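Inside the fold
One-letter residues, chain by chain:
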Amino acid sequence: MTFSDFNFDPKLHEGLDSMGYEKPTPIQQQAVPVILEGKDIIACAQTGTGKTAAYILPVIHRMIQTDHRHLNTLVIAPTRELAQQIDQQIEGFAYYTGISSIPIYGGGDGATWDVQKRALEQGADIVVATPGRLIALLAAGTTVFDHLQHLILDEADRMLDMGFYEDIIKIVSYLPKERQTLLFSATMPPKIRALATKILREPAEINIAIAKPAAGIDQQAYLVYDTQKEPLLQHILKTYSWNSIILFASRKETVKKLDHALRRLGVKAKAFHSDLEQTEREEILRAFKNKQVNFLIGTDVLSRGIDVEGISMVINWDVPPDPEDYVHRIGRTARAETTGTAITFVNEIDQKRFHSIETLIGTEVSKKELPEFLGEGPAYNPQKKIKTGFNNRRGKFSRNRKPRKQA
Ligand code: AMP
């Protein structure tokens, strides 16, 4: 199958050609014809599968075919990085069509607020927004959705995890009832089904392998005590071949510590977390995309919000709290059918959680032997109850609780 089979408008084809797209991915093959028919869909597909193009290409095609002088399409995404990325992709696809898009997200100063407000009121055909900022603008009296035809929820599971359920319902209450709604989610927990029942109409269901990492990712894990993590990281950086790395940690405090530790080791890395100003975050991502920086350390904010090709390695300093986050983290490498390596450090406390990940992805991840100089790590026994408190192997106080999520 090629993109010609969709009979897209020639202007849209030009955009696709200039972006180097040749063959639709499985989610695109399945979703595009159904969206072109005008049906609602609920699609289970993770990032890295080509889901953005799957929903936006048919929507742009429909817009070209119809009168689209008003705000026609609203895309809601969980993070500003993802919103920006979707907006950039739209810009590429729609380059020859005259269709415009704007991203709307929090942060920035009063001037940004005014620009976003004006853009909402006067201009763009497509708005890509994070729920919080959109709600704030709507609450400030900006109502512009009278002619809206498409609502798209991207990474819906993530938005619900971040507590945006009420906001989404509120936003939907501002939209015309006659519209096409497309819901994309990496996983399909019951709360997503409940949301779908509320806002979709007789949706077609599309399911691209539930939360399975891309086949090109070589997944490995090391069973370690916390004290072994830093020398292991050093060893990996020395012995594996890599050209760009993302090192993930669940907490921003850990990201900051790792930033210092790597500096001490002479590794030039950039830390990315929610304490940074929006402009700093953008600058870091830009530098990473342009390959001026080849090492990022970040929390899960980064796991959803970065689309850079050619990342050869992802290292998980710890096991993410939610199994889906693991899929998102390692999905940063091996984008669009290339290959990459994803290595996870699993301490005793994280073993149980890692086991849930293996269950979710339906694969047992290969456990590598520690290099000899590090001595033995713990055995893999995910069912074992781990004592918590001062005497555990973490060498610091920890309780058996779900780590706080970072945003
Ligand atoms: P997504 O799942 O939408 O985050 O897309 C993942 C990456 O794959 C992005 O860099 C897209 O530009 C790229 N991509 C999506 N569809 C295609 C395609 N049909 N051909 C080539 N690259 C694609």
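Residues numbered from 1 in each chain as written. Predicted model: local features only at pLDDT ≥ 70, side-chain atom pairs only at ≥ 80, totals over all residues. Heavy atoms only, no water.

1. Focus: the side chain of Gln-228
Structurally, Gln-228 can be placed in helix 10 (residues 226–239). Under the relative-accessibility criterion, Gln-228 is labelled buried at 6%. For Gln-228, the side chain forms a polar contact with the main-chain oxygen of Glu-376, separated by 3.0 Å. Those residues in contact with Gln-228 that sit more than four places away from it in its chain are Leu-223, Leu-370, Leu-374, Gly-375, Glu-376, Gly-377 and Pro-378. (Helix = DSSP H or I, 4+ residues; strand = E, 2+ residues; numbered from the N terminus. Buried < 20%, exposed > 50% of the residue type's maximum accessible area, 1.4 Å probe, protein only. Polar contact = N/O pair within 3.5 Å; in protein donor to acceptor, adjacent residues only side chain to side chain. Contact = heavy atoms within 4.5 Å.)

2. Section: the nonpolar core
A general trend in soluble globular proteins is that nonpolar side chains are found buried together. One finds Ile-41, Tyr-55, Ile-56, Ile-60 and Ile-126 to be the most contacted residues of the largest nonpolar core, which totals 39 residues. Residues in contact with Ile-41, not counting those within four places in the same chain, are Ala-31, Val-34, Ile-35, Thr-181, Leu-182, Leu-183, Phe-184, Leu-200, Pro-203, Ala-204 and Ile-206. Among the nonpolar cores identified, the runner-up in size contains 36 residues, and Leu-74, Leu-134, Leu-137 and Ala-196 belong to it. (Core = buried A, V, L, I, M, F, W, Y, C linked by side-chain atoms within 4.5 Å.)

3. Brief notes about the domain arrangement of the protein chain
By the assigned domains, the protein chain splits into domain 1 (3–208) and domain 2 (217–394). One C-alpha centre belongs to domain 1, the other to domain 2; they are set 30 Å apart. When domain 1 packs against domain 2, the two sides together hide about 1600 Å² of surface, and 40% of this comes from carbon and sulfur. Summed over the three residues of domain 1 that lose the most area to domain 2, namely Glu-81, Gln-85 and Arg-158, the buried surface amounts to 34% of that side. The interface formed by domain 1 and domain 2 contains two salt bridges. Between Asp-325 and Arg-158 there is a salt bridge, with the nearest N and O atoms lying 3.1 Å from each other. The element contributing the most residues to the side of domain 1 that touches domain 2 is helix 4 (residues 80–93), with seven residues. (Domains from an automatic or database assignment. Buried area = accessible area lost by both parts, 1.4 Å probe. Salt bridge = Lys/Arg side-chain N within 4 Å of Asp/Glu carboxyl O.)

4. Points about the packing of aromatic side chains
Working definition: an aromatic ring pair is given by the centre-to-centre distance plus the angle between the planes. Taken as a whole and assessed by the stated rule, the structure comprises nine aromatic pairs. Geometrically, the ring pair formed by Phe-3 and Tyr-21 is tilted, given 6.2 Å between the ring centres and 40° between the ring planes. With Phe-3 in the segment before helix 1 (10–18) and Tyr-21 in the loop between helix 1 and helix 2 (26–36), this residue pair connects regions lying 18 residues apart in the sequence. Judged by centre distance (5.9 Å) and plane angle (85°), the rings of Trp-242 and Phe-295 are edge-to-face. (Phe/Tyr/Trp six-rings, centres within 6.5 Å; stacked < 30°, edge-to-face > 60°.)

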